[in-house]
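# Breakdown of the fold
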Amino acid sequence: MPDLIAKSALGLPPLTHAGTTLMESALPQITAIAPFPGQTGAVGDALGLAFPAPNRVTEAGDARLVWAGRDLAFLIGAAAPDGLPASVTDQSDGWVALTLSGARAVDVLARLVPLDLRGVQRGQAFRTALNHLPLVLMAEGEGAFTLLTFRSMARTAWHEISDAMEKVAARTALVQ
Amino acid sequence: MRIDGRGRIDRTRPVTFRFDGRVFAGYKGDTLASALIANDVRVVGRSFKYHRPRGILTAGSEEPNALVEIVGPANQTPNTRATVQELFEGLVARSQNRWPSLRFDALEVNDLAAPFLSAGFYYKTFMWPRRFWEGLYEPVIRRAAGLGSLSGRHDEGVYEKAWAHCDLLVIGAGPAGLMAALTAARAGADVILADESSEPGGRLLSDDAVIDGLSGADWVAQVLAELASLPNVRLMTRTTVTGVYDDGTYGALERVGLHRRPRPNLPRECFWRIVAKRSVLAAGALERGIAFQDNDRPGVMLASSLPAYLNRYGVVPGQKVTLFANNDSVRATARSLMAAGVTVAAIIDPREDAPDEPGITVHKGAQVKRARGRMGLREVLVRVGGREITVETDCLGVSGGWNPSLHLTCHMNGRPRWSDDLAAFVPVEGAVPGMLVAGAANGSFSTHGCLAAGTQAARASLEALGVTVGQADLPQADDAPYRIAPLWAVPGKGRAWLDFANDVTVKDVTQSAQEGFRSVEHMKRYTTQGMAPDQGKNSNVAALAVLADATGRGIPETGTTTFRPPFAPVSIAAMGAGGRGEGFAPQRFLTSDQASRDRGAPMVEAGLWYRPGYFPKPGERTWREACDREVRMVRSSVGVTDVSTLGKIDIQGPDAGRFLDFVYTNTFSTLPVGKVRYGLMLREDGHVLDDGTCARLGQDHWLMTTTTAAAGLVMRHLEFVSQAFCAGWQVRFVSVTEAWAQFAVAGPLARDLVASALGHAPDLPFMGCAHVVVQGIAGRLFRISFSGEEGYELAVPTRYGEALFRDLTARAETMGGGLYGMEALNVLRIEKGFITHAEIHGRTTAFDIGMEKMVSGKKDCIGKAAAARPGMTGPAREQMVGLVPLTDDVLTAGAHLFAQGVDLTREHSAGYVTSVGYSPTLQSHLALGFLQNGRARHGETVRLVDRLRGVDVLCRVSDPVFHDPKGEKLRA
Amino acid sequence: MRLTCPLCGPRDRREFYYSGDAVLLARPATDAPPGAWDDYLHNRDNPAGVTQDLWYHEQGCCSWLKVTRNTVTHEILSVESVAGTSTAGGAA
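Residues numbered from 1 in each chain as written. Chains lettered and ligands numbered in written order. Predicted model: local features only at pLDDT ≥ 70, side-chain atom pairs only at ≥ 80, totals over all residues.

## A word on the overall build of chain C
- Across its full length, chain C carries one helix and six strands.
- Overall, the C-alpha framework of chain C stretches about 45 × 35 × 20 Å when taken along its three principal axes.
- Of all 92 residues assigned to chain C, the portion counted as buried reaches 30%.
- Long-range contacts, defined here as pairs at least 24 residues apart, represent 49% of the contacts in chain C between residues at least 6 apart. (Helix = DSSP H or I, 4+ residues; strand = E, 2+ residues; numbered from the N terminus. Buried ≥ 20, exposed ≤ 12 C-beta atoms within 10 Å, placed from the backbone. Contact = placed C-beta atoms within 7 Å.)

Laid out in structure tokens, this is it:
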């Protein structure tokens, strides 16, 4: 029997408005790690990555440990070792990863996200909302962001962001 | 009339526009109001109640008269203030509240009937006879009421919402606001300067102020240039801060595209939520009028609008202007008008000790008694020194003093204080946490006072944030004192207007007091003063001063009504931007979505999810035919359906079993690895929260499923129980709903289908679970059933969902089975008496659904104590039953159940129906419902009545499990 | 309205779900008298002044929070994690 075929959440080509590009990333490997009480230090040691403080990301090489909520972090770009004193679940299929980058990315997100993202640096990540959608927002630096939201809501997320991009682009065109 | 060489309009860019069908010319930089004045249009609208001809009163957003409809290709916007609407090529505007035309308005008859239309008219007149209300009064009033009209179509315009954040929000860009922004910006603070006009500067663009030897406008340009050079300042023009909310949140409306021809994707308006650590309110002050007979005639205007029209737009509304003021502020206006070549007929000043004005006749101790000129002012009648004179004039500028624009300071329940010196309310300190008020908004009316106050407010705001601000030189400007002698209404007969927008006169207010509506809040509602789109900006203080006089109290004792958001009208379209169509709510799509749509399945909403209702086959004419076929298919061969919408919560840790025992009524810690158990969850008040299965995947690893509807609710509940009561426990849980696509395979051939998909027999007992490999992919298999047939649920990571769905569908079809949708799924579960949230709707207990034995006596659990309270069990409760009609009639959910022979009244209702469906298996309509003492009444006949839908059917009460009551098929 | 989540920092109120009086934290024993359960489940004060209620940071870190606030002035006096922050993340 042939293996089942994997599909991305959207399969849409990148979209650019006002020098700002929205694209769907390839499915990253995401492992949710929730240390049991008192075990954050031990988990960090086992991973070789400090368990992140709220709103932070720790990284080493390709591996990033992204704070994703109370007692919860997402390990991205590396596999979790066995035997962690934590709950470990594969979340790779649960989220769609979008990247928004370019000159007006912060302005686009200001239409959707209730946080001040000006001056946010790589190493910061936030659990918040993209309009009504759940959001894990990672700053990639240089005005680029990775946005994780529920995979089933990918089309709504794309609609919301592209809609905001079009409006920002229309405003930008006035100034130019 | 246009004045050469004046104004900030761009005379190289002429603009044509339409008003009431006529084509006019103006310039870029004009407002609709200034362009109409340039074209000598005097009457721009009809008043709300009496349909009196009205002209432009002000030059600002407080305008009560000049409200027009703006007609665009995609929308029609009523009640647009012509004083705010900027001109653009092709603008189409229409006057309002007139029929058939502005010059001749049939409803002007109301003006003649004025003696009958005074305050409280509606309350007094339309009380009786009562039967006239619906047939006569309401339709007539509705036709006459309201201002402006909508297109009756969807507004297809683009609107936007956005967030902004700053250290300091400065509201208003006049002298105080500019200095506040400049001071804070120079100190490095993150500043937003919001101003409602198209151009910052406030009164400096209108008045002849001199700052540091520069004209007001030049000084503004210099400050703006510096602000533009600073990256930490955002200047938001055309942005009105409309509301103050808790914890430093401000609402603001930006006019993005209203002043230009529509462009694709360009928002018309943007509603901003601004989060500011501190704010400075520098919103200036609003001039107020003086009431006298017929003071609403076109050509009577607020005095301060005259220099605004002259110096910003290069227009004057008359050739022979008279000024009537109880304070000194019109003196500069008079000089400014004369310098522009406009004749100033006289200054009428009620103060006996009013100063002289070189070159102008000043009537001291004088009052304007009456204005004449129905369609445009011709003359005013002036009482001076015991005699009356007539002054010929085509424009009267009135100033009754200035009211600080303190509205925003009242949005958090602050109450302003009365100042006798200013004859005005002034804001109280600390009314809004984090907000300071500066300049005219705080009662400092001189230019110097504004500059100084703005600087000081910024300094204090920043110091509160821990930022030290260096000393800087204060620009030098005029510091003349403000002198005023209060005058609200000129005594005399005839009607003298206070509230132009709602047609409220001095007499209405005094009558309100006479009739016992003496409180300012009662007067407001009785007369409707201050309830128009302008919210009484022009009339509140004068109206309560008249009320104070009529009731023999002082103004401070009379008090003022409460200013609430929004400060200026905000279109609902802006507040709801994006919330229509696709943007109304998030949409959640299954991996099988496209495959289902490809097969013509109509999608139904289940919470945010979209699920297939049924899969029509050629020749099927109704949903019922498809549904019946799908049910028969599952009962006879095999069916496949997507159940990924069920909530899936992964629970891990040594204390996981203990935690499950606490949140479920039944015991889970004893469940062997590789087994699944049905579980019931209660709310703490003893009612059922949710049900579902929970599988033990490993020693410390569990997978809970919830219903689709309650997935979020259960997660929130588990978090609460865990964080509040089990904080130290070695257990963690995380939602994996999105990570797995899961498909139910049900029917006598289910095992064969699963075997075919896996390449080997599933070999699972009923309520077993296992890790499996599905065509190269690690998945999970559960032997559970929601249909009553042998059933499996096969789960794979979501990315493989669509492939597995198509694969299972194809295999099912080769076996004579196929897909089934929500309709068939519902019928299958009704046949088996399985509950959904139709049954566990929040008022049912474990006892009601026959599951009281699932509440373990051996352990505590959430809801256990409350479930045992008196009244939560027993024969008086409505218990779940099955209902089978004695005839072949359709049943309806929501119908009530009655014993035979009783009156069909509410008191006799013995229960209700929760779920209905046609069972092709039993060839009968079936229902599930709740009936008092129902379990003891099996076999009884009851009446099922739905009066809304005309259903009245006799039904036999039965066990809710209609099909395979022993569960032999499940366990096969 | 904004709440300062002990983990996430200051956030707009739309990230939070409101869930009533903080008395829900004081769960009686299963065998407590009916009156104790009645008070716990149903009886609520409605103070003009300081009150404590529960909020859930649903569009955030998922912390349940006990918020002390003044219903008259709208002042937020404190926001605490129901479970305390000791079990939370932190590189320490």
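## Overview of the sheet that holds strand 46 (residues 896–899) of chain B
Residue and element names in this part refer to chain B.
- Reading around the barrel, the six strands line up as 45-48-47-46-49-50 and close back on themselves, with antiparallel pairing between neighbours. Looking at each pair of strands side by side, their axes are set apart by 45° on average, direction ignored.
- Of the strand pairs in this sheet, strand 49 (residues 941–946) and strand 50 (residues 951–958) are connected by six bridges, and their pairing is antiparallel. Following the sheet pairing, V942 is matched in strand 50 by C955. (Pairing = 2+ DSSP bridges. Axes fitted to C-alpha atoms, helices over the stretch in contact; angles between N-to-C directions.)

## Comments concerning the domain arrangement of chain B
- Looking at chain B, the domain boundaries give domain 1 (1–154), domain 2 (159–285 + 428–464), domain 3 (619–645 + 739–829), domain 4 (647–738) and domain 5 (875–972).
- A straight line from the C-alpha centre of domain 1 of chain B to that of domain 5 of chain B covers 61 Å. (Domains from an automatic or database assignment.)

## Quick notes on the sheet that holds strand 32 (residues 603–606) of chain B
Residue and element names in this part refer to chain B.
- Pairing in this open sheet of three strands is mixed, and the strands run 31-33-32 from one edge to the other. At either end of the open sheet lies a strand with only one pairing partner, and these are strand 31 (588–589) and strand 32.
- Pairing of strand 31 with strand 33 (residues 609–612) involves two bridges; the strand directions are parallel. The residue bridging F589 from the neighbouring strand is Y610, located in strand 33.

## Remarks on the UniProt feature "domain: GCVT N-terminal" (unreviewed entry) in chain B
- Mapped onto the present numbering, the UniProt feature "domain: GCVT N-terminal" (unreviewed entry) falls on residues 597–859 of chain B.
- What you have in residues 597–859 of chain B is 27% helix and 28% strand, and the ends, taken at the C-alpha atoms, are 48 Å apart. (UniProt positions renumbered as here; feature names shortened; annotations may be inferred.)

## Some words on the packing of helix 10 (residues 506–514) of chain B against helix 12 (residues 540–551) of chain B
Residues and elements named next belong to chain B.
- Between helix 10 and helix 12, whose axes approach to 9 Å, the crossing angle comes to 45°. It follows from the interaxial angle that helix 10 and helix 12 lie oblique. As helix 10 packs across helix 12, the resulting crossing turns out to be right-handed. On helix 12, the residues touching V506, V509, T510 and A513 of helix 10 are A543, V546, L547, A550 and T551.
- When its residues are assigned to classes, the contact of helix 10 with helix 12 shows seven nonpolar, two polar and no charged. (Parallel < 35°, antiparallel > 145°, perpendicular 65-115°, else oblique. Left-handed = near helix turned anticlockwise from the far one by under 90°. Nonpolar A, V, L, I, M, F, W, Y, C, P; charged D, E, K, R; others polar.)

## Points about the interface of chain C and chain B
- Taken together, the contact between chain C and chain B spans 19 residues of the former and 20 residues of the latter.
- Sort the elements by how many residues they give to the side of chain C that touches chain B and helix 1 (residues 34–41) of chain C lands first, with three residues.
- The class makeup of the residues in the side of chain C that touches chain B is twelve nonpolar, four polar and three charged.

## Some remarks on the interface of chain B and chain A
- Each side of the interface is counted separately: chain B has 44 residues, and chain A has 41 residues.
- Within the residue set of the side of chain B that touches chain A, elements represented by two or more residues are strand 8 (159–171), strand 31, strand 35 (647–652), strand 39 (732–735), strand 43 (791–797) and helix 20 (801–814) of chain B.
- The leading source of residues in the side of chain B that touches chain A is strand 8 of chain B, at six residues.
- Among the residues making up the side of chain B that touches chain A, the classes are represented as 21 nonpolar, 13 polar and ten charged.

## Here we look at the packing of helix 10 of chain B against helix 11 (residues 520–527) of chain B
Residues and elements named next belong to chain B.
- At their nearest, the axes of helix 10 and helix 11 sit 10 Å apart, and the two run at 125° to each other. Considered as vectors, helix 10 and helix 11 are oriented oblique to each other. Helix 10 and helix 11 meet at a crossing whose hand is right-handed. Residues D508, V509 and S512 of helix 10 touch helix 11, and the partners they reach there are M523, Y526 and T527.
- For the contact of helix 10 with helix 11, a count of residues per class yields three nonpolar, two polar and one charged.

## Some points on helix 12 of chain B
Residue and element names in this part refer to chain B.
- Over its twelve residues, helix 12 extends 16 Å from the first C-alpha to the last, a length consistent with the 16 Å expected when each residue adds 1.5 Å.
- Across the twelve residues of helix 12, nine count as buried, placing the element largely inside the fold.
- Of all the residues in helix 12, the buried ones are N540, V541, A542, A543, L544, A545, V546, L547 and A548.
- Just downstream of helix 12 lies G552, where phi reads positive at about 70°. (Expected span 1.5 Å × (residues − 1).)

## Some details on the nonpolar core
- In this structure, V66 of chain A together with L168, A180, A181, V191, V280 and V745 of chain B are the most contacted members of the largest nonpolar core, which totals 351 residues.
- If we ignore the near neighbours within four places in the chain, the residues touching V191 of chain B are C166, D167, L168, V170, A181, A184, A185, N232 and V233 of chain B.
- One finds L7, L54, C62 and V82 of chain C within the second-largest nonpolar core, a separate group that totals 15 residues. (Core = buried A, V, L, I, M, F, W, Y, C linked by C-beta atoms within 7 Å.)

## Considering helix 10 of chain B
Residues and elements named next belong to chain B.
- What helix 10 keeps buried is the set V506, K507, D508, V509, S512 and A513.
- Of the surrounding elements, those touching the buried residues of helix 10 are strand 29 (497–499), strand 30 (504–505), helix 11 and helix 12.
- Downstream of helix 10 by a residue or two, G516 has a phi angle that is positive, lying close to 100°.

## Focus: the confidence of the model for chain C
Residues and elements named next belong to chain C.
- Residues with a pLDDT of 70 or more make up 90% of chain C, whose mean pLDDT is 90.
- Predicted confidence for residues 85–92 stays below pLDDT 50, and this span has 21 contacts to residues more than four positions away or in other chains.
- With pTM at 0.95, the complex prediction returns an ipTM value of 0.98. (pLDDT = per-residue confidence, 0-100.)

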